[in-house]
Amino acid sequence: MSIKVSDFILQRLREWGVEHVFAYPGDGINGLLAAWGRADDEPRFVQSRHEEMSAFEAVGYAKFSGRVGVCAATSGPGAIHLLNGLYDAKLDHVPVVAIVGQTNRSAIGGSYQQEVDLLSLYQDVASDFCEMITVPEQLPNLIDRAMRTAYAKRTVTALIVPADVQELEYAPPTHAFKMVPSSLGSPAYAPIPADDDLARAAAVLNEGKKVAVLIGQGARHARPEVEAVADTLSAGVAKALLGKDVLPDDLPYVTGSIGLLGTRPSYEMMRDCDTLLVVGSSFPYTQFLPEFDQARAVQIDIDPFMVGLRYPFEVNLVGDAEQTLKALLPQLKPKKHGSWRKKIEKDTARWWQVMERRAGVEADPINPEYVVHALDALLPDDVMLAADSGSAANWYARHLRLRGSMRGSLSGTLATMGPGVPYAIGAKIAHPERPAVAIVGDGAMQMNGLAELITAAKYYQEWTDPRLVVAVLNNQDLNQVTWEMRALSGAPQFLPSQALPDVPYAGFARSIGLGGLRVEEPAEVDSAWKEALAADRPFVIDFRTDPAVPPIPPHADLDQIEATAASVLKGDSDRTGMIRQGLKAKIQELLPGRGSHARRGAHDDEGV
C-alpha cells in the first residue's frame, strides 16, 4: 500500500519515539495535517495560540523531559513566528526539530504569496542542519539527520517541506548511485578526557586552598559526582541559572545563583577563591568570576567549541560531566573542612536569613519578594518551575530553594520575554503527572501568557495532575527595564514605554473555565498559594505587587544605590505609588548592613 511523503514523515517521527508535536495549522502544511488525520493524531498535534508559543512549548518540553522537542508551522509567517522560540532553544543548547511548510516547488523564486527564502532565513538558527525536501527519496535520511543532530549537538535543526512534496507518493532511496539510505537511532556516548589532561586538572585542584565550583545545566546528570567533588575539595558550589535545579539548595555549601540575579555568598566566594572548577556551564558574565590573575581554573564541558570561554582556564577538559568527574575523583586529595568551607556555609545560611528579612519589608501593596518567598515552603516535592524574564527572574533565582527532584528553568542566554507560561505547558505535556508553577511579570503575561491560558484550558483535563499555577506579578510596570534605566542611565522611569494597563488576569482565567484569584493584601498571599496548589485545574493568581522594590545586584554598592534612588526621586511622575518619597528609605531597609565598610562596596554578611 502506497503512502504519501506527509504520512512517512509522521511515521518516521513515531519511529524516533516522538509523541507530541507543538504546532499551529496553515495551508502550507495542509498535506501534513491530512496525514495527521489518517494517523489518528499520532504523534499528538498540540495546538498553541501562536507559532512562537509552539516553539517555546517544544523548548519547555525538551528542557523538562530531556527528549527532543518537535514543532511545526506553515510557510511564510508561520515559519517566521517560530524563530524566537527556536533561538531560545539554540542559545540554551536544547534539542528541537522544526518542520515548516513552503510554497510549491513550481512557485519558488516567483515572489509567490507567503513565499519566504526559508533556507536563508533558518541558516543561522538551524546552522547545524537545515534542509529542504524536494524529492521523496531524500527521506528517511533528512528526518534521521535532523533528529540525530538535534540530540547529538543539543541544538535546533529544521526541515522545510514544500506543499506539493507533502502530497507526493513516498518512495524510499534505492540501492543506487546518488541515493542516501539511512537508519534510526542516536547512540549514547559519554566522552572522557585523556589521562594526561585529567592528571593536570587534578594537580591544579589539589594545590588549591580555597576552591569554588560553578555548575550549569551540563552537570544535571552528575549530581552525585558534583557533591563528591565538593566534599573532597571542601568547596562551595554556585549555580548558573540554567543549573539551578542541578544541586539541591538545602545543601549547606550550595551558595545559590550567580550573576546579576545571584546571591551575595556566590559573589563573595568567587571574589575570594584561589581555584575555580566550572562544570557544564558557559556562564557569560566574567565580572562575577574571579579576577583573571587571582585563581587557577579548570573547565569541564562536553562541547569542544564551548571550552576556554569566559575565563583563562589552565586546563580544559572535553567530556561528559558525570564520566569525567568519576575519572577525576580518585585523583583528588581530600581537604579538611576548614575556615574556607565554614565561611561559605555560614555566609549561605545568613543569606537566607537576609532573604527572609527582605521578603518581610512592607510594600505598597505587596512586596514581590514576599510573594515568591512564601511559595518556597509550599513547593510540591516534584514541582516543575518556570520563570519568565524580567524582575520575576530575580525573585525566582533568589527566593526559591530547589530540593530533591524539583525542576526549574527559564530563558537563559536569550533571556527573551514570554516563555514562562508556554514552558510550563510544555513541561506538563512531558510530565502530566507532575505539578507546574510559572512565575511571570505582567508584561510577559500580556505579551504571551494570557492567550496561552487557552491552550492550558484545552488540554488540562488530559493531565493526571491538573495543577498548573500561573503567578502574575502585577505591578503595572515593565519593571526590570525600569530599574535598568535608573541604574545604567541614571534616568527616571519613562512612563510611555514602561507603564502597563491593569488587566484582570484572574478574571480572564475564570472566564475560560480555569481558577483565578486576585490578591491585594500581604495577608492573603499564603492562602492564595495554598488554594492554587490544591486546585483541580490550572489556576492564575494576580498578585498586586509594588514596582518600587529594586532587584539589587549582589555586588551593589550602597552609594550607587542611594544615588540611583536620588535620581529617581527627581523624576517627574504623575503615577502615584510608582515613585514616591519613601523609595530611598525602602532601599535602606532592604540593605540592613549599612556601615562605612558596606559603603566601600564590601558589604558585611547582613548587607546585600
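Before reading further, recall that the structure is shown in the block above.
As the structure is a computational prediction, the values presented were derived from the model and not from experiment.

Peer 1: Please explain the overall build of the protein chain as it appears in this structure.
Peer 2: Scanning the protein chain from N- to C-terminus turns up 24 helices and 18 strands. Its C-alpha atoms give the protein chain a radius of gyration of 25 Å, within 12% of the compact-globule value 25 Å for 608 residues. When the backbone C-alpha atoms are referred to their principal axes, the protein chain occupies close to 80 × 65 × 45 Å. A buried classification covers 58% of the 608 residues belonging to the protein chain. Within the protein chain, contacts between residues at least 6 apart in sequence are counted, and of these 75% link residues at least 24 apart. Total accessible area on the protein chain stands at roughly 23200 Å², and carbon and sulfur atoms take up 52% of it. Here the protein chain contributes 59 positively and 77 negatively charged side chains, and the mean placements of these two sets differ by 5 Å.

Peer 1: Quick question: what am I supposed to make of the packing of aromatic side chains here?
Peer 2: The relative placement of two aromatic rings is captured by the distance of their centres and the angle of their planes. For the coordinates displayed, the defined rule picks out nine aromatic pairs. The lysine or arginine in question, Lys 244, covers the ring of Tyr 396, its NZ or CZ lying 5.5 Å from the ring centre.

Peer 1: I'm lost on the side chain of Arg 264 in this one. Help?
Peer 2: Residue placement: Arg 264 occurs in helix H11 (residues 264-272). Of note is the side chain of Arg 264, whose polar atom sits 2.3 Å from the backbone oxygen of Pro 554.

Peer 1: Mind showing me how you'd approach the packing of helix H10 (residues 223-233) against helix H12 (residues 321-328) here?
Peer 2: Angle between the axes and distance between the axes: these two values describe a pair of packed helices. H12 packs onto H10 with a crossing angle of 35 degrees between their chain directions and a minimal axis gap of 9 Å. The interaxial crossing formed by H10 with H12 has left-handed handedness. Contacts from Glu 225, Val 226 and Val 229 of H10 reach H12 at Glu 322, Leu 325 and Lys 326.

Peer 1: What exactly am I supposed to notice about the environment of Arg 44 here?
Peer 2: With respect to the secondary-structure elements, Arg 44 resides in strand S2 (residues 44-47). Under the relative-accessibility criterion, Arg 44 is labelled partly exposed at 26%. Considering only alpha carbons, one finds Arg 44 and Asp 245, 201 residues apart in sequence, at a separation of 29 Å. Not counting residues up to four positions away in its chain, the partners in contact with Arg 44 are Glu 19, His 20, Val 21, Trp 36, Tyr 459 and Glu 462.

Peer 1: Please explain helix H7 (residues 141-153) as it appears in this structure.
Peer 2: Side chains of residues three or four places apart in an α-helix project in the same direction, reflecting 3.6 residues per turn. Look at H7: 17 Å from first C-alpha to last across 13 residues, which is about the 18 Å you get at 1.5 Å a residue. Of the surrounding secondary structure, the elements contacted by the buried residues of H7 are helix H1 (5-15), strand S4 (96-102), strand S5 (130-132) and strand S6 (156-162). Positive backbone phi, at 50 degrees, marks Arg 154, one or two positions downstream of H7.

Peer 1: I would appreciate a short explanation of the side chain of Glu 452 in the present structure.
Peer 2: Mapped onto the elements, Glu 452 comes out in helix H17 (residues 442-459). If sequence neighbours within four positions are ignored, Glu 452 has contacts with Ser 48, Arg 49, His 50, Met 53, Glu 57, Val 421, Pro 422 and Ile 425.

Peer 1: Is there a simple way to explain the sheet that holds strand S12 (residues 315-318) in this structure?
Peer 2: The pairing of strands in a sheet comes from backbone hydrogen bonds and takes either a parallel or an antiparallel form. Here six strands make up an open sheet; going across it, the order is S9-S8-S7-S10-S11-S12 and the pairing parallel. Each of the sheet's edge strands pairs with one partner strand only, and the pair in question is strand S9 (254-257) and S12. Put simply, the sheet's adjacent strands are angled 15 degrees from each other on average, direction ignored. Sheet contacts for H12: strand S10 (275-279), strand S11 (296-301) and S12; angle to S11, the most-contacted strand, approximately 135 degrees.

Peer 1: Got a minute to help me understand the state of the cysteines in this structure?
Peer 2: Each disulfide consists of one covalent bond between the sulfur atoms belonging to two cysteines. Counted according to the given criterion, the structure contains zero disulfides. Counting only cysteine sulfurs, Cys 71 is the nearest neighbor of Cys 130, a cysteine outside any disulfide, at a range of 12 Å. Judged by relative accessible area, Cys 130 falls into the buried class, the value being 15%.

Peer 1: So what exactly am I meant to see when it comes to the sheet that holds S6 here?
Peer 2: If you walk across this open sheet you meet the six strands as S2-S1-S3-S4-S6-S5, and the pairing is parallel. One side of each edge strand has no neighbouring strand; the edge strands of this open sheet are S2 and S5. Direction aside, neighbouring strands of the sheet carry axes that sit 25 degrees apart on average. Across four bridges, the pairing between strand S1 (residues 20-23) and S2 is parallel. Looking at the pairing, Ala 23 lines up with Gln 47 of S2.

Peer 1: What is the right way to look at the nonpolar core in this model?
Peer 2: Looking at soluble globular proteins, one finds that nonpolar side chains tend to be buried together. Core analysis: the biggest nonpolar cluster contains 58 residues, and Leu 82, Leu 86, Val 96, Tyr 122, Met 445 and Val 470 have the highest contact counts within it. A per-element tally of this core places helix H3 (residues 51-65) first, with eight residues. Excluding residues that lie within four positions of it along the chain, Tyr 122 makes contacts with Ala 79, Leu 82, Leu 83, Leu 86, Ala 98, Val 100, Ser 127, Cys 130 and Ala 158. Leu 261, Ile 366, Leu 533 and Ala 535 belong to the second largest nonpolar core, which has 37 residues in total.

Peer 1: Honestly, helix H14 (residues 368-376) in this entry has me stumped. Any pointers?
Peer 2: Most of H14 is tucked away: eight of the nine residues are buried. Inspection of H14 places Pro 368, Glu 369, Val 371, Val 372, His 373, Ala 374, Leu 375 and Asp 376 among the buried residues, and these make up the whole buried set. The N-cap of H14, judged by a side-chain oxygen 2.9 Å from the amide nitrogen of Glu 369 a few residues on, is Asn 367.

The rules behind these values
Residues numbered from 1 in each chain as written. Predicted model: local features only at pLDDT ≥ 70, side-chain atom pairs only at ≥ 80, totals over all residues. Heavy atoms only, no water. Helix = DSSP H or I, 4+ residues; strand = E, 2+ residues; numbered from the N terminus. Rg over C-alpha atoms; globule rule 2.2 N^0.38 Å. Buried < 20%, exposed > 50% of the residue type's maximum accessible area, 1.4 Å probe, protein only. Contact = heavy atoms within 4.5 Å. Areas by Shrake-Rupley, 256 points an atom, 1.4 Å probe, with all protein chains shown as cover. Lys, Arg positive; Asp, Glu negative; His and termini not counted. Charge placed at Lys NZ, Arg CZ, Asp CG, Glu CD. Phe/Tyr/Trp six-rings, centres within 6.5 Å; stacked < 30°, edge-to-face > 60°. Lys NZ or Arg CZ within 6 Å of the ring centre and 35° of its normal. Polar contact = N/O pair within 3.5 Å; in protein donor to acceptor, adjacent residues only side chain to side chain. Axes fitted to C-alpha atoms, helices over the stretch in contact; angles between N-to-C directions. Left-handed = near helix turned anticlockwise from the far one by under 90°. Expected span 1.5 Å × (residues − 1). Pairing = 2+ DSSP bridges. Disulfide = S-S within 2.5 Å. Core = buried A, V, L, I, M, F, W, Y, C linked by side-chain atoms within 4.5 Å.

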